[in-house]
Amino acid sequence: MTTTTCNGALTKATPVIELRGVSKFFDNKPILDEADLEIYPGDALAIIGPSGTGKSTILRAIAGLMPIDSGEIYVNGKLRKGLIEESTDPLAISMVFQQAALFDSLTVAENVGFALYQHSQLPPQRIQEIVDYALELVGLPGAGPLMPSELSGGMRKRVSFARAVMHDPDNRNSAPSVVLYDEPTAGLDPIASTVIEDLVRYLQRDVSACSTYVMVSHQESTIRRTGDRILFLYQGKFQWSGSVSELDTTDNPLVRQFLSASVQGPIKVAPARRV
Ligand SMILES: Nc1ncnc2c1ncn2[C@@H]1O[C@H](COP(=O)(O)OP(=O)(O)OP(=O)(O)O)[C@@H](O)[C@H]1O
């Protein structure tokens, strides 16, 4: 594939992440069924699909947080063996979870700096400076001493963003190359969602040299504002791929039914239980 790099040059790129025939079963049910996916440098992908179709599962597989049952995952062309904790990927992948997943007993600063405090040799004063930089980046300057319980849902999400993009500003290579967002705007009002969507684009544009991300969302504004390429996941496979404008023009029956919120169509809908 020919792609455009950050500086505009056309190159034949190696996918930063490639899934080949990845399957994952839960309770003997195939959730991912020989799914293929290629993510190229600078891609802004949005994965959509009905609830329970495996969107979070595929993010966890990409992140190396969950074992797959068959298939292969390549990171920068290198076959990943085992989970992320057992081996090191040749590039940093970071995940923003649906529930901001903060440690409630730690301050905001301790949450954001957690990985650096645990795993780096940097002096605490330097980590503090980096944490302050990350909090500024997400529009929460001075929030470091607060406890998570003092934050709104939108602020908690921004803190989890700061933690996900934590890196040493003196070392641009330490920024995550791929960020995986699992429903970062779920449960937020439209304005708070816009703030998060803008933040995703800002981080892509300005934080690392050529940021790449995968967004999972049910919110149409988030899909349209953060996805350059939309992928429709259903029955364990990607069934459709297109641009945001193609979302409105495609005659793919899965996409049409999904966007029209109709219970009639090829997507099987579990009937509501009568009470
Ligand atoms: N650890 C697990 N153990 C058993 N089943 C699981 C596990 N994780 C996910 N599943 C099942 O796999 C299916 C896909 O779940 P997943 O969370 O990936 O779907 P999703 O598309 O992200 O859904 P939603 O849009 O509702 O968040 C669901 O049926 C879920 O119950």
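Being a predicted model, the structure only gives us computed values, none of them experimental. (Residues numbered from 1 in each chain as written. Predicted model: local features only at pLDDT ≥ 70, side-chain atom pairs only at ≥ 80, totals over all residues. Heavy atoms only, no water.)

A. Main features of the overall build of the chain. Looking only at helices and strands, the chain features nine helices and 12 strands. By residue count, 47% of the 275 residues in the chain fall in the buried class. Here the contacts in the chain between residues at least 6 apart in sequence split such that 62% fall between residues at least 24 apart. Working note: accessible area of the chain is about 13,800 Å², and carbon and sulfur atoms make up 51% of it. (Helix = DSSP H or I, 4+ residues; strand = E, 2+ residues; numbered from the N terminus. Buried < 20%, exposed > 50% of the residue type's maximum accessible area, 1.4 Å probe, protein only. Contact = heavy atoms within 4.5 Å. Areas by Shrake-Rupley, 256 points an atom, 1.4 Å probe, with all protein chains shown as cover.)

B. Representation of the sheet that holds strand S3 (residues 17-26). Spatially, four strands are ordered S4-S3-S6-S7 in an open sheet, and the strand pairing comes out antiparallel. In this open sheet, the two edge strands, each paired with only one partner strand, are strand S4 (29-39) and strand S7 (78-79). Together, S3, S4 and strand S6 (70-75) form the strand contacts of helix H1 (residues 55-63), whose direction differs from that of S4 by roughly 55°. (Pairing = 2+ DSSP bridges. Axes fitted to C-alpha atoms, helices over the stretch in contact; angles between N-to-C directions.)

C. Up close: the site of the ligand. Within the structure, the ligand sits among 13 residues, and Gly52, Lys55, Ser56, Thr57 and His218 are positioned closest to it. In the model, an oxygen atom of the ligand is placed 3.3 Å from a nitrogen or oxygen of the Ser51 side chain. With respect to the ligand, the side chain of Thr57 contributes an N or O atom lying 2.5 Å from an oxygen atom. For the ligand, the accessible surface in isolation is 640 Å², of which the surrounding protein chains cover 63%. Here the element with the most residues in the shell around the ligand is H1; it accounts for four residues. Looking at the shell around the ligand residue by residue, the classes come out as three nonpolar, seven polar and three charged. (Near = heavy atom within 4 Å. Polar contact = N/O pair within 3.5 Å; in protein donor to acceptor, adjacent residues only side chain to side chain. Nonpolar A, V, L, I, M, F, W, Y, C, P; charged D, E, K, R; others polar.)

D. Just the packing of aromatic side chains, in detail. Enumeration according to the criterion identifies four aromatic pairs in this entry. For the ring pair Phe232 and Phe258, a centre distance of 5.3 Å and an interplane angle of 85° mean the geometry is edge-to-face. Note that Phe232 is positioned in strand S11 (residues 229-234) and Phe258 in helix H9 (residues 253-260), a separation of 26 residues in sequence. Take Phe232: its relative accessible area is 0%, and that puts it in the buried class. (Phe/Tyr/Trp six-rings, centres within 6.5 Å; stacked < 30°, edge-to-face > 60°.)

E. Representation of the nonpolar core in the model. Core analysis: the largest hydrophobic core is formed by 46 residues, its most contacted members being Val112, Phe161, Tyr181, Ile230 and Phe232. Examining the composition of this core, we find that six residues originate from one element, helix H4 (residues 124-137), more than from any other. Of all hydrophobic cores here, the second largest spans 27 residues; its members include Ile58, Ala61, Ile73 and Phe238. (Core = buried A, V, L, I, M, F, W, Y, C linked by side-chain atoms within 4.5 Å.)

F. Highlighting the side chain of Thr53. Along the polypeptide, Thr53 turns up in the loop between strand S5 (44-48) and H1. Within polar-contact distance, the side chain of Thr53 engages the backbone oxygen of Leu233 at 3.4 Å. Apart from residues no more than four positions distant in its own chain, Thr53 is found in contact with Ile31, Leu233, Tyr234 and Gln235.

G. Representation of the sheet that holds S11 in the model. The strand order across the open sheet formed by six strands is S8-S9-S10-S5-S11-S12, and the pairing between neighbours is mixed. Each edge of the open sheet carries a strand with a single partner, namely strand S8 (93-96) and strand S12 (237-242). Along the sheet, successive strands turn relative to each other by an average axial angle of 20°, direction set aside. With four bridges joining them, S5 and strand S10 (residues 212-216) adopt parallel strand pairing.

H. Representation of H1. Within H1, seven of the nine residues are buried, which leaves it mostly tucked inside the rest of the structure. By the burial criterion, the buried members of H1 are Lys55, Thr57, Ile58, Leu59, Ala61, Ile62 and Ala63. Looking at the residues trailing H1, positive phi occurs at Gly64, about 80°.

I. Region of the structure containing H4. With 14 residues, H4 ought to run about 20 Å at 1.5 Å a step, and its terminal C-alpha atoms sit 20 Å apart, in line with that. Listing the buried residues of H4 in full gives Arg126, Ile127, Ile130, Val131, Ala134, Leu135 and Leu137. In the segment just after H4, Gly139 is the residue with positive phi, at about 75°. (Expected span 1.5 Å × (residues − 1).)

J. How the structure looks around the pairing of strand S9 (residues 178-182). Among the five residues that make up S9, five are buried, leaving the element largely enclosed by the rest of the structure. Residue alternation in S9 divides its side chains into two sets, Val178, Leu180 and Asp182 and Val179 and Tyr181, and both sets are buried. Pairing between S9 and S10: five bridges, direction parallel. In the sheet register, Tyr181 faces S10, and the bridge partner there is Met215.

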